[in-house]
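# Fold and contact review
Residue-level listing of the chains:
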Amino acid sequence: MQNKSGKAVVARVLLPAGLELLEQRFEVSQGGLDVTREQLEEMVPGAIALVPDPSVPVDGELLDLCGEQLEVVSNFAVGYDHVDLEACSDRGIVVTNTPGVLTEATAELALMLTLSAGRLAGDAERDLRSGLWTGWNPGAYLGLELRGATVGVVGLGRIGLRYAEMVSALGAEVLYTASSRKVEAEKQFGFGWTDLEDLLRRSQVVSIHAPGGEGTRGMIGRRELELIGPEGVLINTSRGTLVDSDAVAEALEEGRLAAAGLDVYDGEPAVPESLLSAPRCVLLPHIGSASHISRDGMARLAAENAIAVVDGLEPASRVV
Ligand code: DGY
């Protein structure tokens, strides 16, 4: 094993599965869950490795505060829309992320949201808890069955593909749109490729699995919700920036969207008031990857990536 040398800064927290590895190789400091930008700026000077999570913006200013010895931004997440990749490249800093290890957990959560939003489980549970349930009612809480439904998957990367396989196993027909065609998946599972507009028109469920960032900001707004229509269910486990929350809340209120299941929000942890009070909406606090297996895998991979770069090796999952 290498001698312990250099400073690694975990911007907030890293789970023990990764922290222990990192501590064998570096002097490690952690900012904690409530770290402020100001505190982070005080911590980072001298860091050779920086480990942020999706709630920590990494920009040129923070990189410069780290200093010229910074070699790697090892992101403790697969999504890296909070990291200024250009600023990292300009400074010769490697950026890594944690793909693969969270695929199953995130796809399962998207499936869970699909089922719970589609079957109005959120409203049903809230009614029961608040004493509004008056007995079995044949016409109440009628929702969607996946068998025979068309599910539109926006973005067929690892997570989108796994989700598509899951809903397909439950009898749904899958349409997808993606930056490139996935001919193997089309052949193997019978998924149909189409463009976004056609997918929105034809799907009863639309599940978003495209990455965040400026290129996808506002992808689902008022016009797209009109295309999904009053029978449609919208699911988002990717990034909140892709969806116009107020437009979703309005569509739910006015009966122009059947249901929504959301795990991510633009500007989280703040959640728009309009969504909190909207009907037929299941809201979760960004827990897509929150299984023991996934989060341990993410922590381990983030640590291994940081160590590999500093040791002059190719990291397992390099972004730039
Ligand atoms: C990611 O890895 O990008 C997730 O959003 C964290 O769960």
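Residues numbered from 1 in each chain as written. Predicted model: local features only at pLDDT ≥ 70, side-chain atom pairs only at ≥ 80, totals over all residues. Heavy atoms only, no water.

## Notes on the sheet that holds strand β7 (residues 173-177)
Whenever strands of a sheet pair, they do so through backbone hydrogen bonds, lying parallel or antiparallel. As summarised here, the arrangement of the 7 strands in space is β8-β7-β6-β9-β10-β11-β12, forming an open sheet in which the pairing is parallel. Sheet topology places β8 (192-193) and β12 (281-283) at the edges, where each strand pairs with a single neighbour. Strand direction decides the pairing type here: strand β6 (residues 150-154) and β7, joined by 5 bridges, are parallel. Across the sheet, Val-151 pairs through a bridge with Val-174, a residue of β7. (Pairing = 2+ DSSP bridges. Helix = DSSP H or I, 4+ residues; strand = E, 2+ residues; numbered from the N terminus.)

## Observations concerning the side chain of Ser-116
Within the secondary structure, Ser-116 sits in helix α5 (residues 103-118). Apart from residues no more than four positions distant in its own chain, Ser-116 is found in contact with Ala-121, Gly-122 and Val-282. (Contact = heavy atoms within 4.5 Å.)

## As for the domain arrangement of the protein chain
Domain annotation for the protein chain reports domain 1 (7-99 + 292-310) and domain 2 (103-283). Using only C-alpha atoms to locate each centre, domain 1 and domain 2 end up separated by 31 Å. Contacts between domain 1 and domain 2 engage 5 residues on the former and 5 residues on the latter. Both sides of the domain 1 and domain 2 interface together cover about 430 Å² of buried area, and 53% of this is carbon and sulfur. By the criterion of area lost to domain 2, the three top residues of domain 1 are Asp-81, Pro-99 and Ser-294, representing 77% of everything that side buries. Summed over the shared surface of domain 1 and domain 2, the number is 1 salt bridge. The residue Asp-81 makes a salt bridge to Arg-239 at a minimum N-O spacing of 3.0 Å. (Domains from an automatic or database assignment. Buried area = accessible area lost by both parts, 1.4 Å probe. Salt bridge = Lys/Arg side-chain N within 4 Å of Asp/Glu carboxyl O.)

## Thoughts on the packing of aromatic side chains
Enumeration according to the criterion identifies 1 aromatic pair in this entry. With a centroid separation of 5.1 Å and 20° between ring planes, the pair formed by Phe-189 and Phe-191 is classed as stacked. A residue is classified by how much of its surface remains accessible, and Phe-191, at 4% relative accessible area, is buried. (Phe/Tyr/Trp six-rings, centres within 6.5 Å; stacked < 30°, edge-to-face > 60°. Buried < 20%, exposed > 50% of the residue type's maximum accessible area, 1.4 Å probe, protein only.)

## Examining the site of the ligand
By nearness alone, every residue bordering the ligand is listed as Ala-77, Val-78, Gly-79, Leu-102, Arg-239, His-286, Ser-289, Arg-295 and Met-298. In the environment of the ligand, an oxygen atom lies 2.7 Å from a nitrogen or oxygen atom belonging to the side chain of Arg-239. Interatomic distance of 2.6 Å between a side-chain N/O atom of Ser-289 and an oxygen atom of the ligand. Calculation on the ligand without its partners gives an accessible area of 230 Å², and the protein chains cover 90% of this total. (Near = heavy atom within 4 Å. Polar contact = N/O pair within 3.5 Å; in protein donor to acceptor, adjacent residues only side chain to side chain. Areas by Shrake-Rupley, 256 points an atom, 1.4 Å probe, with all protein chains shown as cover.)

## A word on the side chain of Asn-236
Mapped onto the elements of the fold, Asn-236 is located in strand β10 (residues 233-236). Judged by its relative accessible area of 0%, Asn-236 falls in the buried class. Asn-236 has contacts with Ile-208, Val-243, Gly-261, Leu-262, Asp-263 and Val-264, leaving out every residue within four places of it along the chain.

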